[in-house]
Amino acid sequence: EPGQNIKRAKTGMIKSIVKSKKDNSQGRHQKILKKQKDTTKQKRKIRIFNFSRRLLAMSFLPMIITSISSHTLKSAMESELKNAMRIAAVSIEETYTNLYKGDYTQSLNGAIKKGDVEISGNYDLVDAMGKKTSFDITMMFGNMRLLTTVKNESRARANGTATDDKVYAKVEKGQRVFLSDFPVEDKICYVYYEPLKNSDGSVFGAVEVAEECDKV
């Protein structure tokens, strides 16, 4: 009988140890499963976030492409327009130089001469170039329009009007100037200025070429 009691005690201890190990194993297994579930949920959240971010980026992509395309198109158009205006301005300047030898001067009565020929009041060249190019063409002497196709509100030639002083200050330094959204009388224009130089390099005036922005 004492031997049986010892045997039963050993059997009970073994069962208790086995149960304890089983419980511990199940506990670890549950913890592992819980950790795996948490990890899976976290990964799912990250995937959803990344997908949402990609979706948002894709939604903005057409807008970005359109914006870049519009900017590129506008830059190309303005470059082409600037070149066309420069050609018109240089053509006017070279025509006067070839037709009338000598420098630009202003007589005491205010008349403008090219060499010995008075050119004040002679609109033939600016009118012809204006019709050929559809640009408004102006011969400026000092900061004043004296031969121009630009019209004022009364539809008369805008002779005697001036451009912006800061702009003309650049022209006086011999700089070519191209501007957009620039006021020319009652219009908003693209405008190009080509300095008119005498033989000593001094600037006597400018050729102004203008085109309404709405027409471009």
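Residues numbered from 1 in each chain as written. Predicted model: local features only at pLDDT ≥ 70, side-chain atom pairs only at ≥ 80, totals over all residues. Heavy atoms only, no water.

Trainee: Honestly, the pattern of salt bridges in this entry has me stumped. Any pointers?
Mentor: Two side chains bearing opposite charge may form a pair once their charged atoms approach each other closely. The tally for this structure, following the rule as stated, stands at six salt bridges. R176 is paired through a salt bridge with E194; the nearest N and O atoms lie 3.0 Å apart. Of the two residues, R176 sits in the loop between α3 (165-172) and β6 (177-184) while E194 sits in strand β7 (residues 187-197), which places them 18 residues apart along the sequence. Under the relative-accessibility criterion, E194 is labelled buried at 8%. Across the salt bridge formed by E212 and K215, the nearest N and O atoms sit 3.6 Å from each other. With relative accessibility at 23%, the residue E212 sits in the partly exposed group. Salt bridges linked by common partners bring D136, K187, E212 and K215 together as one network. (Salt bridge = Lys/Arg side-chain N within 4 Å of Asp/Glu carboxyl O. Helix = DSSP H or I, 4+ residues; strand = E, 2+ residues; numbered from the N terminus. Buried < 20%, exposed > 50% of the residue type's maximum accessible area, 1.4 Å probe, protein only.)

Trainee: Looking at this model, I keep getting lost on the pairing of β7. Mind explaining?
Mentor: Side-chain direction in a regular strand flips from residue to residue, so the side chains alternate between the two faces of the sheet. The element β7 is largely enclosed, with a buried count of nine among its 11 residues. As defined by bridge partners, β6 adjoins β7 across six bridges and the pair is classed as antiparallel. When the bridges of β7 are listed, F182 appears paired with C189. The hairpin formed by β6 and β7 contains two residues between the paired strands, and E185 there has a positive phi angle of roughly 55 degrees. Taking the residues that link successive antiparallel strands as the turn, the β7-strand β8 (residues 203-212) hairpin has five residues, and the phi of G201 there is positive, at about 90 degrees. (Pairing = 2+ DSSP bridges.)

Trainee: What is the right way to look at the nonpolar core in this model?
Mentor: Across soluble globular proteins, nonpolar side chains have a tendency to be buried as a group. Y96, Y104, M139 and F141 are the most contacted members of the largest nonpolar core, which totals 25 residues. Mapped by element, the contributors of at least two residues to this core are α1 (2-99), α2 (124-133), β4 (136-141), β7 and β8. Considering every element that reaches this core, the biggest residue donor is α1, with six residues. Apart from residues no more than four positions distant in its own chain, F141 is found in contact with Y104, I112, I119, L146, L147, L196, F204 and G205. (Core = buried A, V, L, I, M, F, W, Y, C linked by side-chain atoms within 4.5 Å. Contact = heavy atoms within 4.5 Å.)

Trainee: I tried to follow the environment of G142 on my own but got confused; where do I start?
Mentor: Here G142 shows up in the loop between β4 and β5 (145-148). Residue classification places G142 among the partly exposed residues on the basis of a relative accessible area of 25%. Along the sequence, G142 and L196 sit 54 residues apart, while their C-alpha atoms lie 9.7 Å from each other. Contacts of G142, omitting those with residues within four sequence positions, involve Y168, F204 and G205.

It is worth stressing that arrangement in space is one thing and function is another; only the former is reported here.
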